[in-house]
Amino acid sequence: MARDGADGLALHARESPDLVILDIMLPAIDGFEVCRRIRAWSKTPILMLTARSDIDDRITGLELGADDYLVKPFSPRELVSRCARDFASHNQFSRGESARLVAQARS
């Protein structure tokens, strides 16, 4: 977990995560810029998870390369479902593995 946008970029470069869950309102470098920079060198799935629900923020996040955008407050089950779908669409999990994750989240 990163403390701010600059730390998040360094962590991504160092660790190459399978998924990035990104807030927009980060200190130092905001989530929009972090998304743009990650997308410049990586195809890692990015899910923006933020309190900013304005349609312009959602569109900006998606246009900068986020794969999904979820507004707080959120359901943990929905978060797991979206992550599983993002993994499957990036071929990191098969659809069956993704479905199993979603089923586990429901129980």
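A quick note: this is a predicted structure, and the numbers were derived from the prediction, not measured.

**So, the layout of surface pockets**
In this structure, the largest pocket spans a volume of roughly 400 Å³. Looking at the lining of the largest pocket, the elements with two or more residues in it are helix 1 (5-15), strand 1 (20-22) and helix 2 (31-41). When grouped by side-chain class, the residues that make up the lining of the largest pocket number 12 nonpolar, 3 polar and 4 charged.

**What about the environment of P17?**
One can find P17 in the loop between helix 1 and strand 1. Judged by its relative accessible area of 25%, P17 is partly exposed. Each residue touching P17, except ones within four places of it in the same chain, is listed here: H12 and T44.

**Description of the pairing of strand 3 (residues 68-71)**
What you see with strand 3 is no split at all: D68 and L70 on one side and Y69 and V71 on the other are buried throughout. In this fold, strand 2 (residues 46-50) hands off to helix 3 (residues 55-63), which returns the chain to strand 3; that crossover is right-handed.

**Some points on the sheet that holds strand 1**
With parallel pairing, 3 strands are arranged side by side in an open sheet as 1-2-3. Edge positions in the sheet fall to strand 1 and strand 3, since each of these pairs with one other strand and no more. Neighbour to neighbour, the strand axes of the sheet diverge by 20 degrees on average, direction disregarded. As paired elements, strand 2 and strand 3 share 4 bridges and run parallel to each other. Looking across to strand 3, one finds that T50 is bridged to V71. Against the sheet, helix 4 (residues 76-89) contacts strand 1, strand 2 and strand 3, and its axis sits at roughly 175 degrees relative to strand 3.

**A short note on helix 4**
Here helix 4 contains 14 residues, and its C-alpha end-to-end distance of 20 Å stays within 8% of the 20 Å for a straight helix at 1.5 Å per residue. For helix 4, the set of buried residues is L79, R82, C83, A84, D86, F87 and A88. Where helix 4 begins, one side-chain oxygen reaches toward the backbone nitrogen of R77, 3.2 Å away; that side chain belongs to S75.

**Looking at the packing of helix 1 against helix 2**
When two helices pack together, you describe them by how their axes are tilted relative to each other and by the distance separating the axes. One can describe the packing of helix 1 onto helix 2 by two numbers: an axis separation of 10 Å at closest approach and a directional angle of 20 degrees. Accordingly, the angle class assigned to the pair helix 1 and helix 2 is roughly parallel. You can see that helix 1 and helix 2 cross each other, and the crossing is right-handed. Residue-level contacts link G5, L9, H12 and A13 of helix 1 to V34, R37, I38 and W41 of helix 2. A per-class count over the contact of helix 1 with helix 2 returns 5 nonpolar, 2 polar and 1 charged.

Thresholds, definitions, all that
- Residue indices begin from 1 for each chain and proceed along its sequence in written order.
- Whole-chain, interface and lining totals are the exception, using all residues; otherwise, since this is a predicted model, local features are given only for residues with pLDDT of at least 70 and side-chain atom pairs are given and counted only at 80 or more.
- The side-chain values count all of the structure's non-hydrogen atoms but skip hydrogen atoms and water molecules.
- We place a 1 Å grid over just the protein atoms. Points where a 1.4 Å probe fits but has no way out form a cavity, open points with protein on both sides within 12 Å along at least 5 of 7 lines form a pocket, and any residue with an atom within 4 Å of a point lines it.
- Grid points are joined across faces, edges and corners, and a volume is the space filled by probe spheres set on the points.
- Secondary structure counts use DSSP, requiring at least four H or I residues in a row for a helix and at least two E residues in a row for a strand, with both numbered from the N terminus.
- We call Asp, Glu, Lys and Arg charged. Ala, Val, Leu, Ile, Met, Phe, Trp, Tyr, Cys and Pro are nonpolar, and the rest, Gly among them, are polar.
- Classification of residues uses two cut-offs on accessible area relative to the type maximum, computed with a 1.4 Å probe and protein chains only: under 20% is buried, over 50% is exposed, and between them is partly exposed.
- What makes two residues a contact is simply this: any of their non-hydrogen atoms within 4.5 Å.
- Viewed with both strands pointing away, a crossover whose connecting path from the first strand over the helix to the second turns clockwise is right-handed.
- When DSSP finds two or more bridges between two strands, those strands count as paired.
- Under this scheme, a helix contributes an axis fitted over its contacting stretch, all axes are lines through C-alpha atoms, and angles between N-to-C directions fall in the 0 to 180 degree range.
- Given a helix with a known number of residues, its expected span is that number minus one, times 1.5 Å.
- What qualifies as a polar contact is a pair of N or O atoms within 3.5 Å, subject to a donor-acceptor requirement within protein and to the restriction that residues adjacent in sequence count only when both atoms come from side chains.
- The scheme is simple: roughly parallel for angles under 35 degrees, roughly antiparallel for over 145, roughly perpendicular for 65 to 115, oblique for anything else.
- Here a crossing is taken to be left-handed if its near helix is turned anticlockwise relative to the far helix by less than a right angle, and right-handed if that turn runs clockwise.

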